[in-house]
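# Notes for the structure review
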Amino acid sequence: TFSRQDYDAWLANIECPVTGAVVSTTDQISTGALNCPKDYLTEAKKWFSVLSVGNDHTDDQESIGGFAETKTNLDTNDIQYAGHHDPKQYADLCEIVDLPARYTLNDSSFKEASLPLAICSINSKDISPDDLAMDEIAKYSNILPTWVYGHMRDDAHSEPSLLQKNTYRSYIDAGADLVIGSHSEKLQAAE
């Protein structure tokens, strides 16, 4: 029901490696190891400005170099991305991205511009990120608007757990201007 042209930019979590491997849906379900085909990115680029890759499935095809191939395929398709499946790969947690922006002039007309901002994508699974991950967020938030895409498990509840709340609030304490939570399989509250 969403119309892409009604929005300046979209951010999404791509929770699969994007490789040239052919992995059947049956195999993905039985092994829990996801894979998205490379041709998926042609359509994804039409919709999404930035993809978060800091989650627990982008390393599912590591036996064939899936995460590195995913980044190569995103680069080849000129799709911005941020994050790493390993939350201890601190240098890869945050990226500066370029989003479209508009601002109003004195005559009420609009001028289009680009908005550089930092997006940090952190795979926290069932734990809070350590101090070095928080330092990485703070490093960017001292310079640019910073959004954190936090990936945490809590599949069974419609309310965020105390761990989720504390973790997401710690991102704000580190300087995040916006925190987006993902992974829950149920819609959870916002604050």
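Residues numbered from 1 in each chain as written. Predicted model: local features only at pLDDT ≥ 70, side-chain atom pairs only at ≥ 80, totals over all residues. Heavy atoms only, no water.

### Some thoughts on the packing of aromatic side chains
Under the definition given, this model contains 6 aromatic pairs. When the centroid spacing of 5.1 Å and the interplanar angle of 45° are considered together, the rings of W10 and W47 count as tilted. Of this pair, W10 sits in the segment before β1 (11-13) while W47 is found in helix α2 (residues 40-47), placing the two residues 37 residues apart along the sequence. Ring centres of W10 and F48 lie 6.0 Å apart, and the angle between their planes is 50°; this geometry places the pair in the tilted category. In this pair, W10 sits in the segment before β1 while F48 sits in the loop between α2 and β4 (50-52), placing the two residues 38 residues apart along the sequence. Members of the aromatic cluster, connected to one another through ring pairs, are F2, Y7, W10, W47 and F48. Here the basic side chain of R102 rests over the ring of F110, its NZ or CZ set 5.8 Å away from the ring centre. (Phe/Tyr/Trp six-rings, centres within 6.5 Å; stacked < 30°, edge-to-face > 60°. Helix = DSSP H or I, 4+ residues; strand = E, 2+ residues; numbered from the N terminus. Lys NZ or Arg CZ within 6 Å of the ring centre and 35° of its normal.)

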